[in-house]
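# Per-entry structural report
Given next are the chains, with one letter for each unit.
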Amino acid sequence: MNWLNFFETKTEIRHQFGRGINANLSKDEEDLFFRSYEAFEKKEILNAYEYFLRSLENFSNSLSNQNVIIKRQEDRLDFEIFQGSARVVGRITKENLYAEAILTKKSAANVALKRLILERNYQLTYAYYFSDEEYIKLKLFFDNITMTPHKIFFPLREIALNADFDKEYVKSEFTDIALEDIDHLHSVDEEELSLKYDFLHKWIDEIKTKIATLPSNDNAAMQSFILLYLIFKVDYLIVPKYSIFQRSSKKVQEYFSDENLSVDSKNEEIREYINELEKMSLEEFKTNFYDAKYTFNPAERTSHEEVEIFINESLAKIRWYKNNRYTQVLSVMYKYVALYLLYNYGLHPVTKGLLHILVEVQNPAFFKALGYETLYREETLSFSKKAIISKIENIISAYRDRFKMLKPFGDKLDYSSLNEFSHSFYLQLKNLDFQEA
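First, a word on scope: everything that follows refers to the structure included in this document. (Residues numbered from 1 in each chain as written. Predicted model: local features only at pLDDT ≥ 70, side-chain atom pairs only at ≥ 80, totals over all residues. Heavy atoms only, no water.)

## Details of the pairing of strand 9 (residues 135-143)
The buried fraction of strand 9 amounts to seven of the nine residues, a majority that puts the element mostly inside the structure. Sheet topology note: the strand 8 (residues 128-131)/strand 9 ladder contains four bridges and is antiparallel. Across the sheet, residue Ser-131 finds its bridge partner in strand 9, namely Ile-136. Counting the residues that bridge the hairpin from strand 8 to strand 9 gives three residues. (Buried < 20%, exposed > 50% of the residue type's maximum accessible area, 1.4 Å probe, protein only. Helix = DSSP H or I, 4+ residues; strand = E, 2+ residues; numbered from the N terminus. Pairing = 2+ DSSP bridges.)

## Remarks on the packing of helix 6 (residues 220-238) against helix 11 (residues 330-344)
It is the contact of helix 6 with helix 11, at a shortest axis distance of 9 Å, that shows an interaxial angle of 50 degrees. When the axis of helix 6 is compared with that of helix 11, the two are oblique. You can see that helix 6 and helix 11 cross each other, and the crossing is left-handed. The residues of helix 11 that touch helix 6, namely those facing Phe-225, Ile-226, Leu-228, Tyr-229, Phe-232, Lys-233, Asp-235 and Tyr-236, are Val-332, Met-333, Lys-335, Tyr-336, Leu-339, Tyr-340, Leu-342, Tyr-343 and Asn-344. (Axes fitted to C-alpha atoms, helices over the stretch in contact; angles between N-to-C directions. Parallel < 35°, antiparallel > 145°, perpendicular 65-115°, else oblique. Left-handed = near helix turned anticlockwise from the far one by under 90°. Contact = heavy atoms within 4.5 Å.)

## Considerations on the sheet that holds strand 9
Each strand in a sheet pairs with its neighbour through backbone hydrogen bonds, running either in the same direction (parallel) or in the opposite one (antiparallel). As summarised here, the arrangement of the six strands in space is 4-5-6-7-9-8, forming an open sheet in which the pairing is antiparallel. Each having just a single partner strand, strand 4 (68-72) and strand 8 make up the two edges of the open sheet. Averaged over all pairs of adjacent strands, the angle between strand axes in this sheet comes to 25 degrees, irrespective of strand direction. Of the strands in this sheet, strand 4, strand 5 (77-83), strand 6 (86-92), strand 7 (96-105) and strand 9 are in contact with helix 2 (residues 45-55), which crosses strand 4 at around 160 degrees.

## Details of the packing of aromatic side chains
Two descriptors summarise a pair of aromatic rings, namely the distance from one centre to the other and the angle between the planes of the rings. Tallied over the entire structure, the rule returns 38 aromatic pairs. Between Phe-232 and Tyr-343, the aromatic rings sit 4.7 Å apart at their centres with planes inclined by 40 degrees, giving tilted as the arrangement. Taken together, the positions of Phe-232 in helix 6 and Tyr-343 in helix 11 put the pair 111 residues apart, joining distant regions of the chain. Residue classification places Phe-232 among the buried residues on the basis of a relative accessible area of 1%. For Tyr-343, a relative accessible area of 23% translates into the label partly exposed. Pairing Phe-256 with Tyr-340 gives two aromatic rings, centres 5.9 Å apart and planes at 70 degrees, and the pair type is edge-to-face. A residue pair is termed long-range when its members are at least 10 positions apart, and Phe-256 in helix 7 (residues 242-257) and Tyr-340 in helix 11 qualify at 84 residues. Residue classification places Phe-256 among the partly exposed positions, given a relative accessible area of 42%. Overall, the relative accessible area of 14% leaves Tyr-340 in the buried class. Aromatic rings pair up to connect Phe-225, Phe-232, Tyr-255, Phe-256, Phe-310, Trp-320, Tyr-321, Tyr-326, Tyr-336, Tyr-340, Tyr-343 and Tyr-345 into one cluster. The cationic tip of Lys-171 hangs over the ring face of Tyr-242; the distance from NZ or CZ to the ring centre is 5.5 Å. (Phe/Tyr/Trp six-rings, centres within 6.5 Å; stacked < 30°, edge-to-face > 60°. Lys NZ or Arg CZ within 6 Å of the ring centre and 35° of its normal.)

## Notes on the sheet that holds strand 1 (residues 24-25)
Pairing within the open sheet is antiparallel, and its three strands lie in the order 1-2-3. Bordering the open sheet on either side are strand 1 and strand 3 (63-64), each of which pairs with just one other strand. Bridge count between strand 2 (residues 58-60) and strand 3: two bridges; the pairing is antiparallel. Considered in strand 3, the bridge of Phe-59 is made with Ser-64.

## Let's talk about the environment of Phe-285
By secondary structure assignment, the location of Phe-285 is in helix 9 (residues 282-286). Sequence separation of Phe-285 and Ile-244 is 41 residues, and the distance between their C-alpha atoms is 8.4 Å. Excluding residues that lie within four positions of it along the chain, Phe-285 makes contacts with Leu-193, Lys-196, Tyr-197, Leu-200, Ile-238, Ile-244 and Met-280.

## Let's talk about helix 3 (residues 111-123)
Given a rise of 1.5 Å per residue, 13 residues ought to cover 18 Å, and the 19 Å separating the end C-alpha atoms of helix 3 matches this to within 8%. Tucked inside the fold, the buried residues of helix 3 contact strand 7, strand 8, strand 9 and helix 4 (149-173). Here helix 3 starts with a cap whose side-chain oxygen sits 3.3 Å from the backbone nitrogen of Ala-112, and that cap is Asn-110. (Expected span 1.5 Å × (residues − 1). Polar contact = N/O pair within 3.5 Å; in protein donor to acceptor, adjacent residues only side chain to side chain.)

## Some details on the pairing of strand 5
Most of strand 5 sits inside the fold, with seven of its seven residues counted as buried. What you see with strand 5 is no split at all: Leu-77, Phe-79, Ile-81 and Gln-83 on one side and Asp-78, Glu-80 and Phe-82 on the other are buried throughout. Where strand 4 hands over to strand 5, the hairpin turn is made up of four residues, counted between the paired strands. Across seven bridges, the pairing between strand 5 and strand 6 is antiparallel. From the neighbouring strand, Phe-82 faces strand 6, where its bridge partner is Arg-87. A loop of two residues connects strand 5 with strand 6, the two strands running antiparallel in sequence, and Gly-84 in this loop sits at a positive phi of about 60 degrees.

## Regarding unusual backbone geometry
Even without a glycine there, the phi angle at Val-239 is positive, about 55 degrees. Position of Val-239 among the secondary structure elements: in the loop between helix 6 and helix 7. Positive phi, normally seen in glycine, also occurs at Arg-325, with a value near 65 degrees. Of note, Arg-325 is situated in the loop between helix 10 (304-323) and helix 11. Assessed through its relative accessible area of 73%, Arg-325 is described here as exposed.

Below you can see the structure in the form of structure tokens.
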């Protein structure tokens, strides 16, 4: 059941980090999935869908986040699924499923938006855009003749993720067009936003200082690591939405996909964007945030073998820089690896949870400011070893019934320095054994 791995493991995280779900699934999630499968086989369609939708519900501190709402009637099932800026509303009967998400008012759409929507219909697999008398909507419709939990998961995931992405894109690129059906979004605490704004500027100052220490010749690759590290760090720790997210994503995509530009040119593009972020006022910065519920993780599942390959390649690069005495870039590269994985890969919940611990260790000032336990004390260069070991144990133990070969490794880490700790953490991480019982 690979689709289960789109979800998070048990965590004490109180803030949104990265683009995935920061919540726990029901302890009965696996049982609900199997009950849904059995009900579909028996043609008990409404029961099957109810079990399935309940398996998507997530929890914080054992309380439902109400990310999925179900209303059962005698001959139909009504539901809502929340995914960031999007609210998917659906109706299920014994014969079919219909679901839709509102983008904006039909009267508000200009020619450019209409052209975009037509292009999006060619890119989607299950859902497609249409307009009724009032709204432009993304919709999903299919018969229940041969339905299974696997068959319904990916269409619902597609409509939810794309409705969310497209609403954010419209908000960013068509500033004069108002989004609709966003009453479920909540503002972020003003103090938290001010704190994140201050850290953004602190991090920008730090990378500019770091780049200034690089050798004057042949430093393009090192600059790339430093600049991309900042983009990934802002995305994972500050988690901006709307314009900042859209533009950051575009810069990253262009860097890794545009083969016609030199590395120096790509670096300059990112540097100019970072300068724009630096000049952004606090008031404008605050408009790029909201609190919302999430049901699906955006990234496709990545195999652990792919993660292992990336870690091996990254450690080889770090080793080259170390052997050639480019010591000023080593600390950034050790932090870059974790953030790159969290940004680009659809990680197993265990891997993702463990990487978050490493990010906590590597960014103690930020997490302390948010009210989290300090795992590394920069003033004394010392670690909270017992807390780190406990956190690793908690993440591993949640999956030991399914993966018998997973072993906690907190006591095997090198606590002599932050770089050595990161290095030993990656070595342990890549050797995780996900062989099922």
